[in-house]
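# Coordinate analysis (summary)
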Amino acid sequence: MRALAAPSALLRFSRHELRLAWRDWAWMFSGWRSTSLRRALIGMSIFYAVMHLIAYAVLSPRFATGFVLDQTAQAALSVTVLLSFTMMLSQAMESVTRAFYARDDLDLILSSPAPSRDLFLVRIVMMALTSWAMSALVISPFLNVAVVLGGEHWLAGYVVLLAVSLNATGAGVLITLALFRTVGAQRTRFYAQILAAVVGAAFLIGMQVVAILSFGSMSRFTLFDPAFLASHAPGEGSPWWFLAHTVAGQTNAVFLFLAVSVAFFAVGAWRGAVQFRSIVVLALGVTEKTPRGRVSERTFRSYSPLGALVLKELKLIARDPWLISQTLMQVLYLIPPAVMLWVSFGEKTEISVIVAPVVVMAVGQLAGGLAWLTISGEDAPDLIATAPISAFTRLWAKVLSVLTIIAAIVLPISLGLALISLWGAVITAAGAMTAAASAVLVQLWFRAQAKRTTFRRRQVASKASTLAEAAASIACAAGTALVAAASPLAILPVFLLLSVLGISWSIRPKRSASA
C-alpha cells in the first residue's frame, strides 16, 4: 500500500507544481486577465519571430562560407554557456530561498500524511526545468537558425542548456544548504539574496572589467578579438573549450557532460529533499527580532512628521529581504564605469561620454523599483491613511526616501568623475537625478495599491508604466551622453523624454477627488 501511495503523491505534487508555475507565469505577464494574457502571447510570438530575424542576421555571415570552430567561435560559445550558468545559478539560489521562506502552502503540506520528501524533490526538479525553459526561450532563436544553416547537430545546444540548468540548480541547492548550516536560518535569507545578485552579475562585470583594463573599452565584445585570444586564451585543441565542443554537437562530449550533470543534480536534489523538511521548519519560525538588551540604552529622539516618515521608509527598504537581489545587481553594474574612471584618470579623453549613459540607465531602473516599493507597496494602507498627517506629506516622504538613496549612490561616482571632468560630473549627476525623478513621476501617476511581497510582479499593475519607465531612462541616458559630448543633437532625447512624460501623464488612471 505504501508503494502505491508514493507514486500517487509524486504525481499529485507534480501537477500541483505545474499549476503553480503556470499561474505564476500568467500573473507575471498579464495579471491573470484573459485578454491581457492573449495580448501577451501575441506580443511574445512577434518578439520571438523578430529574434529569429536578428539571429539570422548575426549568424548568416558566419555560416555563409562554412562554419569553422576556430578559437573565436570556441570562446564565444564557451562564454555563452558560462553566462547561462551564472544566470541560472543566481535564479536557482533565489528560487530555493523563496521555497523556504515565501511559500504559503508549506505548513499545510508538512502537516499532511504525504511524504514531504517527494514534494521537495518535485520542486527542485521544477526549478531546474523552469530555468531550462526560460533560458531555452532566449537562446532558441540562435540555435534554430544554426540548425537551419549548419545542420541538426546544433540541436545539441538544447541538451547542453538542460545540463547547465541541472548543474546550476544542484549547486544552488547545495549552496543554500551550506548557508543554513554555517550562518543559520535567520541570516540565510539575507546572505542568499546577496550571493544570488553577486553571482548573477559577476561574470558579465568581470568580462567588462577585463575589457576596460585590456582595451580601455566598456564593450565586452572586444575580448573576442582574434589577436587578443591568440595571445591570452588556450589553443583551439585545449580541453578548456570542452563546453564549445558540446554546443557544436560532438556526441561524446555531449553525453559526458549530460551524464556528469545528471549525477551532480541527483546528489544535490536528494540531499535537498531529505534535509528540506527540517530546514523549512526552522525557516518558518524566522521572525524579525530586535536586540532587547540595547533598547534601554537608546534615547528618544524627536523628529518632524516628514523626517519620521522618511526614516520609516528608509528602514523598511533596508529590512526588505527580497529587495536586496533586485537592486544590488543594478548597483553592481555601476562597477565598470567606476573602473573606467580609475583607468582613465589623468587622460585627456572625454570619459563622461562613456560613463554617463551607463550610470543614468542603471540609476533610472533602480529608482523605478524603489519608487514602486515606497509609493505603491504598502502593507498597511488603512493604518497609514488614519495618521494625522496630510496625504501630500506622506507622498513627499516616500519620494524623498527614494531620492536620498539615489543621491547616495550617484554622489561617489560624480566625485570620482569630477577629478577628470567637472563638466562631465555635473552632467552625469544631473542626468541621473533626472532619470530618477522621471521614474518617480511615472510611479506617482500610475500608483496602484499592492503589497511589498509582490515586488517581482510590479510590472503587472500597468504595462504602460513599465514601458514609460524604460523609455524615460533611455531618453535620459542618450541625452546625458550627447550633452556631455556637446552635441546639438541633445535636444532630440530631451524632446523624447518630455513626450514620454506627457503621454504618461495623459493616459494616467483617473482618480477621484477623495483619493
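The text that follows walks through the structure, step by step, so that each part is easy to find. (Residues numbered from 1 in each chain as written. Predicted model: local features only at pLDDT ≥ 70, side-chain atom pairs only at ≥ 80, totals over all residues. Heavy atoms only, no water.)

Of note, Val148 is situated in helix 5 (residues 116-150). As a C-alpha pair, Val148 and Tyr56 span 92 residues in sequence and 9.7 Å in three-dimensional space. (Helix = DSSP H or I, 4+ residues; strand = E, 2+ residues; numbered from the N terminus.)

The geometry of a pair of packed helices is captured by two quantities: the angle between their axes and the separation between those axes. It is at 9 Å that the axes of helix 16 (residues 391-418) and helix 17 (residues 422-445) come closest, and there the two elements cross at 160°. Viewed along their axes, helix 16 and helix 17 adopt a mutual orientation that is roughly antiparallel. For the element pair helix 16 and helix 17, the recorded crossing hand is right-handed. Along the contact surface, helix 16 presents Leu395, Val399, Val402, Leu403, Ile406, Ala407, Val410, Ser414, Leu417 and Ala418, while helix 17 presents Leu422, Gly424, Ala425, Thr428, Ala429, Ala432, Met433, Ala436, Val440 and Leu444. Taken together, the residues of the contact of helix 16 with helix 17 break down into 17 nonpolar, 3 polar and no charged. (Axes fitted to C-alpha atoms, helices over the stretch in contact; angles between N-to-C directions. Parallel < 35°, antiparallel > 145°, perpendicular 65-115°, else oblique. Left-handed = near helix turned anticlockwise from the far one by under 90°. Contact = heavy atoms within 4.5 Å. Nonpolar A, V, L, I, M, F, W, Y, C, P; charged D, E, K, R; others polar.)

Along an α-helix, a turn takes 3.6 residues, which lines up residues three or four apart on a common side. When the terminal C-alpha atoms of helix 6 (residues 156-183) are compared, their 40 Å separation across 28 residues agrees well with the 40 Å that a helix rising 1.5 Å per residue should span. Helix 6 sits mainly inside the fold: 20 of its 28 residues count as buried. Once helix 6 finishes, Gly184 follows within two positions and takes phi at roughly 90°, a positive value. (Expected span 1.5 Å × (residues − 1). Buried < 20%, exposed > 50% of the residue type's maximum accessible area, 1.4 Å probe, protein only.)

What follows covers the packing of aromatic side chains. What the rule picks out here adds up to 2 aromatic pairs. Pairing Phe63 with Trp154 gives two aromatic rings, centres 6.0 Å apart and planes at 75°, and the pair type is edge-to-face. Of this pair, Phe63 sits in helix 2 (residues 34-64) while Trp154 sits in the loop between helix 5 and helix 6, placing them 91 residues apart in sequence. Judged on exposure class, the residue Phe63 and its partner Trp154 are both buried. (Phe/Tyr/Trp six-rings, centres within 6.5 Å; stacked < 30°, edge-to-face > 60°.)

Here the focus is helix 16. Helix length check: helix 16, at 28 residues, gives a terminal C-alpha distance of 39 Å against a target of 40 Å (1.5 Å per residue), a fit within 8%. Taken as a whole, helix 16 carries its principal kink of about 30° at Val410; the proline Pro412 stands between one and four residues after it. (Bend = angle between axes of the 7 residues up to and from the residue.)

Moving on: a positive patch on the surface. On the surface, a cluster of positive charge is made up of Arg12, Arg15, Arg19 and Arg23. Mapped onto the elements, Arg12 comes out in helix 1 (residues 2-30). (Patch = residues over 30% accessible without salt bridge, like charges linked within 9 Å, V, L, I, M, F, W, Y side chains within 5 Å. Areas by Shrake-Rupley, 256 points an atom, 1.4 Å probe, with all protein chains shown as cover. Salt bridge = Lys/Arg side-chain N within 4 Å of Asp/Glu carboxyl O. Lys, Arg positive; Asp, Glu negative; His and termini not counted. Charge placed at Lys NZ, Arg CZ, Asp CG, Glu CD.)

This paragraph deals with the packing of helix 17 against helix 19 (residues 491-506). At a minimum axis separation of 10 Å, helix 17 and helix 19 run at an interaxial angle of 15°. When the interaxial angle is binned, helix 17 and helix 19 end up roughly parallel. The hand of the helix 17/helix 19 crossing is left-handed. Contact residues: helix 17 offers Thr434, Ser438, Val442 and Trp445, while helix 19 offers Leu497, Leu501, Ser504 and Trp505. The class makeup of the residues in the contact of helix 17 with helix 19 is 5 nonpolar, 3 polar and no charged.

This brings us to the nonpolar core. One recurring pattern in soluble globular proteins: nonpolar side chains tend to sit buried together. In terms of nonpolar packing, the biggest core is built from 38 residues, with Val81, Leu89, Trp154, Val160, Val164, Val247 and Phe257 touching the most fellow members. When residues of this core are traced back to their parent elements, those giving at least two are helix 2, helix 3 (71-101), helix 5, helix 6, helix 7 (185-215), helix 8 (226-232) and helix 9 (242-247). Ignoring any residue separated from it by four or fewer positions in sequence, one finds Leu89 in contact with Ala168, Ala171, Gly172, Ile175 and Val199. Judged by nonpolar contacts, the second largest core, of 35 residues, contains Ile413, Ala435, Ala475 and Leu501. (Core = buried A, V, L, I, M, F, W, Y, C linked by side-chain atoms within 4.5 Å.)

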